[in-house]
Every structure is written in structure tokens, then in C-alpha cells.
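Listed below, chain by chain, are the residues.
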Amino acid sequence: MIHDFGIVWSERALLLSGLANTAILSTLAAVAALMLGFVMTPAVMSKHRIISGAARLFVDGMRCVPFLLFAYIVYYGLPSLGLRLDNWSSGLAALTIYNTAYMAEILRGAWVTQPREPIEAGIAFGFSELRLFRRIILPPLLLAAGPVIGNQVIQIIKDSAFLTIIALPELTHAASSIQSRHYVPFAAFITAVLLYWGLCLVIEAGVSSVGRLADARR
Amino acid sequence: MTGGDILSIFGGALVTISLSLAGILIGLPIGLGLALVRWANVPFIARVVTLYVSILRATPLVTLLLLLFFALPNIGVPINPISAAILALVMNTSAFNCEVWRSALMNFPKDQYEAAQSVGMRAGLRFRCIVLPQIVRVSLPGLVNEMSLLIKVTPVLAVVGVVDITRAAVRIGAETYEPLPPFLVAVALYAPIVFALVSLQRWIERRQAAAEAAA
């Protein structure tokens, strides 16, 4: 058994590059999904029936489709519509679009519970739309939604493992390739599991420090 | 895509639904058991359960499934794709269920428990008649949410060769060189199942909110 872990250790460069790819992919997707979520949320809450209906359809529709199937559709299905992406761009696109729906829903949930007064005060002070959003609406919204966004980031990290099926060289893919070359399944996959756990603990620590910041500001 | 192809995707749907049901039905009581161990603070075992839940919640189902499928035969436990799939689903969902049950247990009013103690109810009776009915009601929306998440991760089981909706669709796509139509059929099968569960969850939440407002 120790010998098996020795083999995994000798392949550490491959595992670490897999870990780095998982981290990069998840970070890019999380940031992009959050940004797009901010665009999506006002659309979901829009007074125009057509805009809010279309946004609702997208958000609810995405939340009913399994991520793996969505990744398959983006990677294998879109080429027959003439849109061919390599595995990195289709993986990133799938992860981002899918999680935009979740982020929009999370932000909407936090938005409706925010008090109206500061926003009205901001309007009375003559803040422009963009400044009102950036200075008055955004900071408390992010602090309130922090823990749920953190959970979603953990979900993104776990979803990124599914991208191993489109041969994206992330952590699970690295573990599989070590196991198939050296036949050390337990050592390879348990190492991957522990690395995922480490990533999630980092996210949780980040979320709780944001939580402390939010408490300090209250 | 022929009618037979569509039928084979429906056959996959049966597999997806039975595996999900197996995962849900076995995972629910195990999750409750784990939550009780942590709630009662059983020495040492509670620590182990905490660690188990923390690791399992951070592990992607693909990685867990590959670990079970390849490593168990390696240590002398033969396993076929179906049992590996059910085991992975149960391990994954029981960790999440444990958290839902536990938060209901943590918020359970202590005075009721003490009242039951003071009228001389035994521990088993106390749990069955006082605690369980109330925590089931509180946990229900969270548990239903976990069920819809479980169904959304089942396509992963195709990785070890379980012929579920996704694998049936992938196979037809590979045979016909037209991957999009079978995938759309697959989406049309998953979406109503998940949507039904999400609607059920919202309905339970609304009903409970209405009952609370009336009280």
C-alpha cells in the first residue's frame, strides 16, 4: 500500500497540474458565472413580461438539466449545429453557462430580502444607476449571499470533475490516468479525493472570513 | 434516430429511476443515523462521522465512483457496475442528508425533550413519538432538494458502464453520428423528473409557511 502511494508521489507533477487545472477552471467559471448572474438577476426580476419570462425559463430550465448531460450537449451536440469548440473552451463554457443560472437564483434570493431604504436614500442622493448598483446595492448583497455563493463554488469544483469525460486534464482525469498506467486505483483516487477536500476547506475558510467581515460591518 | 432508439433511452430511464430510488431509500435512514450519532455526541464515532461527512461532501461523485469501482476489486471485494453505482450514490447522498437531519435536530426545542423525559418516556419512545415526527417535517424540503440533486448527478454512473438515460443517448449518438437528437430526448426525460421534485419542494415549503401563518 505504501508502495502504491510512492508511485502516486512519483507522478505528483501530473496530479498537481490536474489540481491546478481544476482550480483555474473552477475560479474562471465561478467569476464568470457570478458576473453573468449579476446581469441575469435584474432580467429575472424585470417588469417586462417577455424579458423576465425568458430569463426565468433559462434559470429554471438549467436547474432541471444534469450538468454532465449539458456538458455532453455542448461538446458533442453543438458541432452538428456548426459550432465546434475544443475541450477547454466547451468545458469552461458549459460550467459557466450552467452555473450562471444558479448564481442568478442565489442573487435574486438575496436581493429580495435586502432592505429598500438604503437604495431609496441612494436614489434621493442622486446616484446614477451604475454607481447606485456598485456602491449601495452590491456590497451588502455580496455579504448576504456570501455563504450560499461559497457553497455554489464548491458545487462548481465538484461539477468540474465531470469534465473528465470530455478528456479535460483536470484532477480526476489525472488520477484516472495514473491508475490506468500503474494500476494503483486506491492510492490514486484517494489522493484526488483528499485534494478536492483540501480545495473545499480553502473555500469554506474564505467564506467564514467573509462572514466575519460582514458581522464586523453590521 | 429510430423508434427503437427512443425506446432504448426510455429503458435507460428505468435504470436511472431505479438507481435513484435505491440511493434515496437507503441514503435517507443512513443519513438520519449519522446525524443521530453526531447529535448524541457518541465519543470518537461522532468525530469519525464528522470527518466522513466533510470529506464526502467535498468529493465529486465521479471520483468517488471511480475509487469504489477500481479500488474495491483491488483489495479483494468484487463489485459490479450496478452495486458500485448504488454504493457511490448512497455514500454521497447520506453525507448530505446527514447535514439536513442534523440541522433539524440542532433546532429541535429542548424543552419538549425535557418534558418527555420528565413524564418518564424511554429514549426510544421519546425519539419515535416526539422528535422524529417534528424533524421529518422540518427536514422535508431539504431532503427533497437533495433528491433532485441526486437525480442530477446520476448521469455520472454511465462512466462505469451503467446503461442509464445518458449512456443510452451517447451510444445512439455515436451510432448515428447525430448526437444532438438523442441528447434532447434525454433532456426531455430528465427535466420533468427534476422539475416535479423541485415543484414538490416548493409546494411543501408553501404549505408549511401557510400552516405557520395560520398558527
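Nothing here was measured: the structure is a model prediction, and the numbers come from that model. (Residues numbered from 1 in each chain as written. Chains lettered and ligands numbered in written order. Predicted model: local features only at pLDDT ≥ 70, side-chain atom pairs only at ≥ 80, totals over all residues.)

*Asks:* Help me out: how do you make sense of the overall build of chain B in this one?
*Replies:* Within chain B, the regular secondary structure consists of eight helices and zero strands. Along chain B, helices (α) and strands (β) appear in the sequence α-α-α-α-α-α-α-α when read from the amino end. Its C-alpha atoms give chain B principal-axis dimensions of roughly 70 × 50 × 25 Å. Classification of the 215 residues of chain B by burial places 40% in the buried group. If you take every contact in chain B between residues at least 6 apart in sequence, the share linking residues at least 24 apart comes to 76%. (Helix = DSSP H or I, 4+ residues; strand = E, 2+ residues; numbered from the N terminus. Buried ≥ 20, exposed ≤ 12 C-beta atoms within 10 Å, placed from the backbone. Contact = placed C-beta atoms within 7 Å.)

*Asks:* Even after reading the chapter, I still don't get the overall build of chain A, so can you show me in this structure?
*Replies:* In terms of helices and strands, chain A carries nine helices and zero strands. Across its three principal axes, chain A shows a C-alpha extent of roughly 70 × 50 × 25 Å. With 218 residues in all, chain A has 40% of them scored as buried. Taking the contacts inside chain A whose residues are at least 6 apart along the sequence as the reference set, 75% of them involve residues at least 24 apart.

*Asks:* Is there a simple way to explain the interface of chain B and chain A in this structure?
*Replies:* Where the parts come together, the accessible area they lose is often given as the size of the interface. Between chain B and chain A, the contact holds 30 residues from the first and 30 residues from the second. Those elements that provide at least two residues to the side of chain B that touches chain A are helix H2 (45-58), helix H3 (61-74), helix H6 (123-153), helix H7 (165-176) and helix H8 (180-214) of chain B. The element contributing the most residues to the side of chain B that touches chain A is H8 of chain B, with eight residues. Of the residues in the side of chain B that touches chain A, the class split is 23 nonpolar, five polar and two charged. (Nonpolar A, V, L, I, M, F, W, Y, C, P; charged D, E, K, R; others polar.)

*Asks:* Looking at this structure, how should I read the nonpolar core?
*Replies:* Within soluble globular proteins, side chains that are nonpolar generally end up buried alongside one another. Within the largest apolar cluster, 118 residues are counted, with the highest numbers of intra-cluster contacts made by Ala71 of chain A together with Leu65, Val156 and Ala186 of chain B. Looking at which element gives the most residues to this core, the answer is helix H4 (residues 81-106) of chain B, with twelve residues. Setting aside residues up to four positions removed in sequence, alanine 186 of chain B forms contacts with Leu69 of chain A together with Ile9, Ile165, Thr166 and Ala169 of chain B. (Core = buried A, V, L, I, M, F, W, Y, C linked by C-beta atoms within 7 Å.)

*Asks:* How should I be thinking about the packing of helix H2 (residues 12-44) of chain A against helix H8 (residues 171-182) of chain A in this particular structure?
*Replies:* Working note: a packed helix pair is described by the angle between its axes plus the distance between those axes. Residue and element names in this part refer to chain A. Between H2 and H8, the least distance of the axes is 7 Å, while the angle of their chain directions is 160°. Accordingly, the angle class assigned to the pair H2 and H8 is roughly antiparallel. Here H2 and H8 pass one another in a crossing that is right-handed. Between H2, through Leu14, Leu15, Ser17, Gly18, Leu19 and Thr22, and H8, the contact on the second element is made entirely by Leu171, His173, Ala174, Ala175, Ser177 and Ile178. Broken down by class, the residue content of the contact of H2 with H8 amounts to seven nonpolar, five polar and no charged. (Axes fitted to C-alpha atoms, helices over the stretch in contact; angles between N-to-C directions. Parallel < 35°, antiparallel > 145°, perpendicular 65-115°, else oblique. Left-handed = near helix turned anticlockwise from the far one by under 90°.)

*Asks:* What's the story with the environment of phenylalanine 183 of chain B in this structure? I'm lost.
*Replies:* Along the chain, phenylalanine 183 of chain B turns up in helix H8. For phenylalanine 183 of chain B, a count of 24 C-beta atoms within 10 Å corresponds to the buried category. Between the alpha carbons of phenylalanine 183 of chain B and isoleucine 165 of chain B there is a distance of 9.1 Å; along the sequence they are 18 residues apart. Not counting residues within four places of it along the chain, the set of residues in contact with phenylalanine 183 of chain B comprises Leu69, Tyr72, Ile73 and Gly77 of chain A together with Ala169 and Gly173 of chain B.

*Asks:* I keep staring at unusual backbone geometry and nothing clicks. Help me out?
*Replies:* Excluding glycine, residues mostly have negative phi values, and the peptide bonds linking residues are mostly trans. All names here are of chain B. The residue asparagine 41 is not glycine, and still its phi comes out positive at about 55°. Assignment of secondary structure puts asparagine 41 in the loop between helix H1 (3-39) and H2. Phi is positive for tyrosine 177, close to 60°, though the residue is something other than glycine. Inspection of the secondary structure assignment puts tyrosine 177 in the loop between H7 and H8. Under the C-beta neighbour-count criterion, tyrosine 177 is labelled exposed, with 7 such atoms within 10 Å.

*Asks:* How do you make sense of the packing of H2 of chain A against helix H3 (residues 49-63) of chain A when you look at a structure like this?
*Replies:* Residue and element names in this part refer to chain A. One can describe the packing of H2 onto H3 by two numbers: an axis separation of 7 Å at closest approach and a directional angle of 125°. Considering the angle they form, H2 stands oblique to H3. On H3, the residues touching Met40, Ala43 and Val44 of H2 are Ile51, Ser52, Ala55, Arg56 and Val59. Residue classes in the contact of H2 with H3 are distributed as six nonpolar, one polar and one charged.

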